[in-house]
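# What the coordinates show
Here are the chains, one letter per residue:
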Amino acid sequence: MSSHALLVLFGSQTGSAQDTAERIGRQAQRRHMRVRLEALDSYNVANLISESLVVFVCATTGQGDPPDNMKKFWRFLFRKSLPADSLCRLDCAVLGLGDSSYPKFNFVAKKLHKRLLLLGANMLLPVGLADDQHDLGLPPRYVFHFLDEVTDKQTEHLQTPPTPLQPFPARVVFNQRVTHPSHFQDVRHIELDITGSNIHAGDVVMMRPCNAAEDVEQFCQLLKLDPERYFTLTPTDSSTVPARLPQPCSVRFLVEQFLDISAVPRRSFFEVLATFASNELERDKLLEFSSAQGQDALHSYCNRPRRTALEVLADFPHTTVELSIDYLLDLFPEIQPRSFSIASSLLQHPNRIQILVAVVKYKSMLFKPRKGLCSSWLASLDPSTGNVYVPLWVKKGSLSFPQDPDTPVIMVGPGTGVAPFRSAIQERAAQGKMANVLFFGCRSESKDFYCRSEWEEKVQAGQMILVTAFSRDQEEKIYVQHRVKEQSKLLWDLIAKKNAFFYIAGSAKQMPASVCDALKEVFQKEGGMSENQAQEMLDAMEKAKRFQSETWS
């Protein structure tokens with residue numbers, strides 16, 4: 001798919017397959033692909049062996065026959081003389097248009113799919129079977145079967161080490177706000193107990209947040225769902241039930257832990273919703289948001305104010321009431337895992353993981369403030385009310401530190417970017433590696449100076465050098481990049497003479513580029529280099545893994 005060229009071939013009797021093929025072509029063009037569209041019989045089928053990406057759209061007529069404009073293609077493809085690997089370079093997918101009231105429903109698409117497989121083609125998807133009898137043309141991916149009573153509720157079987165499908169339930173030990181109450185930003189220092197998890201190393205902790213209790217309640221009320229009911233899912237095609245959903249599953253688990261109801265919905269959400277709308281006003285609006293012409297209106301309604309899918313459902317009450325439950329997994333994406341740099345070392349804090357979390361909350365044009373799903377969920381976990389747990393797993397981060405105990409390490413971590421460096425400094429100090437320099441920046445010494453007492457203790461113990469930048473504590477703003485320039489002699493000595501490693505972590509806005517520019521100025525000033533030579537030195541450090549960065553948006 002790297003060439004971004006797509007061929008859409010259609011076999012159409014009444015025009016529906018051609019119309020569908022044209023829609024697929026338009027969607028692909030919107031994704032900046034080069035698209036060719038042809039009827040199967042006007043296409044030179046001998047060229048199929050050199051195609052890389054094809055979507056076949058074909059109708060079934062009468063008693064399971066191919067449409068008139070694909071009969072030549074059909075005869076050629078079913079020649080017994082064709083070698084079994086003749087289409088081994090082809091990535092493709094088949095969409096069938098049929099009518100389930102006929103006995104040979106989508107027979108052509110199923111047979112074509114099988115034949116392409118036999119000729120060595122790589123099928124990107126299971127065969128798509130559109131049904132003219134269905135309200136939406138396409139059936140939902142799963143059908144819900146509600147149960148009257150549940151005897152066999154699945155229990156968790158922990159495996160080691162934890163994985164995305166089997167996370168470890170870590171108990172929250174403490175959840176403390178580390179910014180001053182008057183400070184605009186709520187930042188939490190959270191400690192999690194991982195005793196018995198078999199986690200022995202890791203730089204990044206992964207977790208999937210839960211939807212807020214009031215959102216779960218509102219969602220269930222809007223769709224008239226009982227959160228305590230259980231159901232099983234049956235796939236309508238050859239796909240499998242999502243592995244994270246237990247069978248049977250409660251409505252509460254589905255809505256609280258699986259469906260991303262607080263995300264800003266995509267255009268496809270409105271397309272599916274529109275098919276259920278019988279209220280004329282709501283249907284017209286949903287169709288507008290689904291159309292190419294309505295994208296500016298959709299952006300103003302949804303993306304700009306960061307309106308959530310749940311709020312959209314509340315805005316279209318007549319349509320929401322008519323929504324078929326079977327389409328929930330087509331409408332809502334799965335909640336994706338979030339990652340946080342681990343801010344502690346197991347050598348200093350055995351069986352514990354600590355993280356620094358900036359709670360996302362801001363105003364848009366909507367009345368209710370916008371909230372980050374994961375940070376708000378974490379902030380709400382209060383261990384003083386009883387045991388609360390965060391299901392988690394860990395993975396390796398992108399930063400690697402030198403093994404040689406004498407190699408100095410220079411770390412620039414403003415704000416919560418300091419998290420991976422707190423972990424590294426704790427680890428290195430426990431191993432007797434004392435050549436640590438930390439540049440930490442925040443707004444104010446009295447409001448958001450994270451881990452201040454710990455840094456002061458480590459400076460006293462000779463385990464690190466600390467350089468701070470408090471941007472709002474004086475008239476002119478001072479950032480970490482200004483401190484990097486001020487410390488040019490120290491940095492040049494460490495980098496040029498002692499082979500130091502240099503690290504940046506934090507927000508991916510202007511900070512990383514500004515710090516890089518400051519570092520190049522250090523090379524020019526202290527090393528007598530030209531601008532090009534300074535850039536070459538930085539490039540050489542990056543190549544040798546002596547310059548590394550971990551930034552996030």
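Residues numbered from 1 in each chain as written. Predicted model: local features only at pLDDT ≥ 70, side-chain atom pairs only at ≥ 80, totals over all residues. Heavy atoms only, no water.

- Looking at an unreviewed UniProt entry, one finds the chain named NADPH-dependent diflavin oxidoreductase 1, with Cyprinus carpio as its source organism.
- One UniProt comment on the chain, placed under Catalytic activity (unreviewed entry), says "2 oxidized [2Fe-2S]-[protein] + NADPH = 2 reduced [2Fe-2S]-[protein] + NADP(+) + H(+)". (UniProt positions renumbered as here; feature names shortened; annotations may be inferred.)

## Section: the overall build of the chain
- On a plain count of helices and strands, the chain comes out with 18 helices and 22 strands.
- Projecting the C-alpha coordinates of the chain onto the three principal axes gives extents of approximately 85 × 60 × 45 Å.
- Counting all 553 residues of the chain, 47% fall into the buried class.
- Taking the intrachain contacts of the chain between residues at least 6 apart in sequence as the baseline, contacts between residues at least 24 apart amount to 75%.
- Of the roughly 27,900 Å² that the chain leaves accessible, carbon and sulfur atoms contribute 50%.
- In the chain, which carries 63 positive and 63 negative side-chain charges, the distance between the mean positions of the two groups comes to 4 Å. (Helix = DSSP H or I, 4+ residues; strand = E, 2+ residues; numbered from the N terminus. Buried < 20%, exposed > 50% of the residue type's maximum accessible area, 1.4 Å probe, protein only. Contact = heavy atoms within 4.5 Å. Areas by Shrake-Rupley, 256 points an atom, 1.4 Å probe, with all protein chains shown as cover. Lys, Arg positive; Asp, Glu negative; His and termini not counted. Charge placed at Lys NZ, Arg CZ, Asp CG, Glu CD.)

## Looking at the packing of helix 16 (residues 488-497) against helix 17 (residues 511-527)
- Closest axis-to-axis distance for the helix 16/helix 17 pair is 9 Å, and the angle between their directions is 85°. Comparing the axis directions of helix 16 and helix 17 gives the class roughly perpendicular. Of the residues in helix 17, those in contact with Ser488, Lys489, Leu491, Trp492 and Ile495 of helix 16 are Leu519, Val522, Phe523, Lys525, Glu526 and Gly527.
- Split by residue class, the contact of helix 16 with helix 17 holds six nonpolar, two polar and three charged. (Axes fitted to C-alpha atoms, helices over the stretch in contact; angles between N-to-C directions. Parallel < 35°, antiparallel > 145°, perpendicular 65-115°, else oblique. Nonpolar A, V, L, I, M, F, W, Y, C, P; charged D, E, K, R; others polar.)

## Side note on unusual backbone geometry
- Residue glutamine 247 is joined to proline 248 through a cis peptide bond whose omega torsion reads 0°.
- With respect to the helices and strands, proline 248 occurs in the loop between strand 11 (230-235) and strand 12 (249-250).
- Even without being glycine, asparagine 106 reaches a positive phi, approximately 50°.
- Considering the arrangement of structural elements, one finds asparagine 106 in the loop between strand 4 (91-98) and helix 3 (107-118).
- Positive phi, normally seen in glycine, also occurs at lysine 545, with a value near 65°.

## Some thoughts on the pairing of strand 2 (residues 34-39)
- Here six bridges tie strand 1 (residues 5-11) to strand 2, and the two strands are oriented parallel to one another. Bridge pairing in strand 2 places phenylalanine 10 opposite alanine 39.
- After leaving strand 1, the chain enters helix 1 (residues 16-30) and then returns to the sheet as strand 2, a path that is right-handed. (Pairing = 2+ DSSP bridges. Right-handed = clockwise from strand over helix to strand, strands pointing away.)

## What to know about helix 6 (residues 267-274)
- The set of residues buried in helix 6 consists of Arg267, Phe269, Phe270, Leu273 and Ala274. What you see down the axis of helix 6 is that its buried residues fit within an arc of 155°, all on one side.
- Among the structural elements, helix 1, helix 7 (280-290), helix 8 (295-303), helix 9 (309-315), helix 10 (317-322) and helix 11 (328-331) are those in contact with the buried residues of helix 6. (Arc of directions from axis to C-beta.)

## Re the pattern of salt bridges
- Applying the stated criterion across every chain yields a total of 24 salt bridges.
- With its nearest N and O atoms 2.7 Å apart, the salt bridge here joins glutamate 51 to arginine 36. Of this pair, glutamate 51 sits in the loop between strand 2 and strand 3 (53-59) while arginine 36 is found in strand 2, placing the two residues 15 residues apart along the sequence.
- A salt bridge links arginine 267 to glutamate 271; the nearest nitrogen and oxygen atoms lie 3.8 Å apart. One end of the pair, arginine 267, and the other, glutamate 271, are both in helix 6, four residues apart, so they sit about a helical turn from each other.
- Judged by its relative accessible area of 18%, arginine 267 falls in the buried class.
- It is possible to trace a salt-bridge network through shared partners that takes in Arg171, Glu191, Asp193 and Arg352. (Salt bridge = Lys/Arg side-chain N within 4 Å of Asp/Glu carboxyl O.)

## A word on the pairing of strand 17 (residues 389-395)
- Note that strand 8 (residues 168-177) and strand 17 share four bridges and pair antiparallel. Note on strand 17: the bridge partner recorded for phenylalanine 168 is leucine 392.

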